[in-house]
Amino acid sequence: MSLYYTQKLLYQINRDPATRRRLEEDFEGLLAEYELTQKERAALRKPDIGLLYVMGVNGQILMHYAALRGYEWNAYLEAMREGERSYGPVRTGLYTRADSR
Amino acid sequence: MSSECTPISGKLRELGTWSSQQVRRTGGERCFNGLLEQHHYLDYSQPVGEQPKFIPLKRAYEFGRALRRACEARPERIAVIGTGGISHWPATPDSGRINEVWDREFLENLLHNRREALLAYRDEDVWREGGQEGFEIRTFIAVAGATEGCAGELWCYVPIPIFAVGCTVAVMRLS
Amino acid sequence: MALVFAGVCSHAPGITGRAERADPQARDAFYAAMGRMRDAIEASRPDVLVVIAAEHFANFFMNNMPAICVGMAEHYEGPIEDEKWLGIARHRIPGNKSLSRELIQEVMNDIDLAYAEEWKFDHGIMVPLHFLTPRYDLPVIPVNVNCQGPPLIPLKRAYEFGRALRRACEARPERIAVIGTGGISHWPATPDSGRINEVWDREFLENLLHNRREALLAYRDEDVWREGGQEGFEIRTFIAVAGATEGCAGELWCYVPIPIFAVGCTVAVMRLS
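Here goes a summary of the coordinates provided. (Residues numbered from 1 in each chain as written. Chains lettered and ligands numbered in written order. Predicted model: local features only at pLDDT ≥ 70, side-chain atom pairs only at ≥ 80, totals over all residues. Heavy atoms only, no water.)

## Looking at the overall build of chain B
Quick reminder of the rule: Helix numbering and strand numbering both begin at the N terminus, where a helix is a DSSP run of H or I of at least 4 residues and a strand a DSSP run of E of at least 2. When accessible area is computed with a 1.4 Å probe and restricted to protein chains, residues below 20% of their type maximum are described as buried, those above 50% as exposed, and intermediate ones as partly exposed. In this description, accessible areas are obtained by the Shrake-Rupley approach with a 1.4 Å probe, and a residue is regarded as covered only by the protein chains that are shown.
When helices and strands are counted, chain B shows 6 helices and 2 strands. Secondary structure elements in chain B, listed N-terminal to C-terminal, are α-α-α-α-α-α-β-β. Per-residue burial over chain B gives 31% buried out of 175 residues. Of the accessible surface of chain B, which amounts to about 11300 Å², a share of 55% is contributed by carbon and sulfur atoms.

## Description of empty space enclosed by the protein
Residues and elements named next belong to chain C. Applicable threshold: For each structure, a 1 Å grid was placed over the protein atoms alone; sets of points admitting a 1.4 Å probe that cannot get out are labelled cavities, open sets with protein on both sides within 12 Å along at least five of seven lines are labelled pockets, and lining residues have an atom within 4 Å of a point. Grid points are joined across faces, edges and corners, and a volume is the space filled by probe spheres set on the points. Polarity classes work like this: nonpolar for Ala, Val, Leu, Ile, Met, Phe, Trp, Tyr, Cys and Pro, charged for Asp, Glu, Lys and Arg, and polar for all others, with Gly in that last group.
Under the criterion given, the structure shown has 3 cavities of 30 Å³ or more. If you go around the largest cavity, you meet 19 residues; those closest to its centre are Ala12, Pro13, His123, His186 and Pro188. Looking at the lining of the largest cavity, its residues break down into 8 nonpolar, 8 polar and 3 charged. Of the volumes computed, that of the second largest cavity is approximately 40 Å³. Around the second largest cavity, the lining residues are Val50, Val70, Leu103, Ile104, Val107, Leu113, Ile141, Val143, Phe161 and Leu165. Of all the secondary structure elements, the ones that give two or more residues to the lining of the second largest cavity are helix H4 (97-107), strand S7 (140-145) and helix H6 (155-170). Looking at the lining of the second largest cavity residue by residue, the classes come out as 10 nonpolar, no polar and no charged.

## Examining the pattern of salt bridges
The condition is simple: We define a salt bridge as a contact between a side-chain nitrogen of Lys or Arg and a carboxyl oxygen of Asp or Glu at a distance within 4 Å.
Here the structure, examined in full by the defined rule, presents 43 salt bridges over all chains. Here Lys97 of chain C ties to Glu117 of chain C by a salt bridge, and the two come within 2.9 Å at their closest N and O atoms. Of this pair, Lys97 of chain C sits in helix H4 while Glu117 of chain C sits in the loop between strand S6 (114-116) and helix H5 (123-132), and the two are 20 residues apart along the sequence. If you follow the salt bridges from partner to partner, you end up with Arg122, Glu124, Asp125, Arg128 and Glu129 of chain B in one network.

## As for the packing of aromatic side chains
All names here are of chain A. Note the cut-off: For Phe, Tyr and Trp, rings pair up if their centres lie within 6.5 Å, where Trp contributes its six-membered ring, and each pair is then called stacked (planes under 30 degrees apart), edge-to-face (over 60) or tilted (otherwise).
Here the structure, examined in full by the defined rule, presents 19 aromatic pairs over all chains. Between Trp73 and Tyr76, the aromatic rings sit 5.3 Å apart at their centres with planes inclined by 55°, giving tilted as the arrangement. Remark: Tyr76 and Trp73 occur in helix H7 (residues 73-87); sequence separation between them is 3 residues, near one turn of the helix. Overall, the relative accessible area of 9% leaves Trp73 in the buried class. Exposure remark for Tyr76: the relative accessible area of 1% places this residue in the buried category.

## Quick look at the arrangement of the chains
The condition that has to hold: Whether two residues are in contact is decided by their heavy atoms: any pair within 4.5 Å suffices.
By contact count, the dominant pairing among the 2 pairs of chains in contact is that of chains A and C. Chain B makes no contact with chain A, the minimum C-alpha separation between the two being 23 Å.

## Some points on the interface of chain A and chain C
Filter applied, for reference: Summed over both partners, the accessible surface that disappears when two parts come together, traced with a 1.4 Å probe, is what is meant by buried area. Here a polar contact is taken to be a pair of N or O atoms separated by no more than 3.5 Å, where protein atoms must pair a possible hydrogen donor with a possible acceptor and residues adjacent in sequence count only if both atoms sit in side chains.
Listed per partner, the contact involves 28 residues of chain A and 28 residues of chain C. Between chain A and chain C, a total of about 2600 Å² is buried, with carbon and sulfur atoms accounting for 61% of that surface. Interface area lost by chain A to chain C is led by Gln60, Trp73 and Leu94 of chain A, which between them contribute 28%. At the junction of chain A and chain C, the tally comes to 1 salt bridge. We note a salt bridge from Arg21 of chain C to Glu72 of chain A, for which the minimum N-O separation is 2.5 Å. At the junction of chain A with chain C, the criterion picks out 10 residue pairs in polar contact (both at pLDDT 80 or more).

Written out as structure tokens, the structure reads:
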């Protein structure tokens, strides 16, 4: 269920100004409230947009987190491509590629 | 906000000038809410409030049928229970009130799986006879849908006021 | 007075958020078609605009994902996204709670629905409103069809929802306009963003605008995913409009692929008979 909570946290960040404030002021405390693996925490912290994408985070959720963390549109697309190069194809969910399914 | 509710009698003209005024969605909304608080759950003739009513009973029954079909298509062994009250008024000053006659009639219909009779319950009647939580019959009716054509057995029905419900256990004979 | 307008359009966030990066000619042709749709909606003198949209995890998450949800609030707010990112300023949008309630109650006889008394619009609704009701003065009733978190409703249920909505509208004295918003093929929020399957899109639009029920309901999710991308599932919103206008044909006012908008930008209107 860890991917679920990774996405849940991003969903809350995207929609809730109070959660965004916590991201700025107490990111570790915020992360601690969700059932996440060390890898997921690290990817969220960095942020490693490419890894989050490959882990299977839904793009409609990840897109806004990338923007929030300062990724301009093309940089965001490039981060996902870099993720695929470094970590391989998307592992689960709707965003797996047809040829890797 | 409370309002004066003392009955008056006499001729209409003796009332003098009177006026009517919309209060809903105006600054006078509190007046409406006050009346609602005073009369809700007492002798109101039908459910009040802003919510849509609930899914029609036939949709609950159809959900049960669809669930049955989905179960039949699976290799797993699946047990299903419906849980809820029949008549009950929990979380109100009437908590503990139980309409045993109405409950037993509903159970008769359920345990003979009389589709027509089960789907003929109207929300207004359920609310009056079974309380605001009587709407939970939807869960039992879903089980009726899942066991269409099957009869059942009543293993227990005992009104326990402090539990605020006629405590029920019944089992359908799957055919 | 029932349904007075029905159409479909695109809603991709790039349409407003990355406007300056698009080919001006293509962009302006699409904007003009959206303007034409605005005029047509205004000419139909609606009391309310029902927007059948595919939300993107703005209000609903997988802890409680309704198959179909209808808004029932006095008013809404949007966009939920960053205003600069989307290129649309935050607004309060009027709703029509009592009409929502009546429509929900009626549709519930045939289709199981969730309802929401609180809803923050994302680009799926805000981008169309930005063009179609730029003063945000027309009351809106939002509808969300889950196209993001499988299991998704079968296409025939989306169509049946449209039919039920039409019946509910017919029973009302209000003048009701309805639009479906979504993409046909698109791969947004992926490294393939900008990929557009024009042939497949045009074929789908042919089926839609001739309201070929059988053909529309024959699309299989596997094929949609392969040909139309993971967001191609949004055809459910268009198919709901086909259901609401069963037996009616339509006209394509615009279809122009704009890669930076990540979608074949579409405006089409059904001729209500």
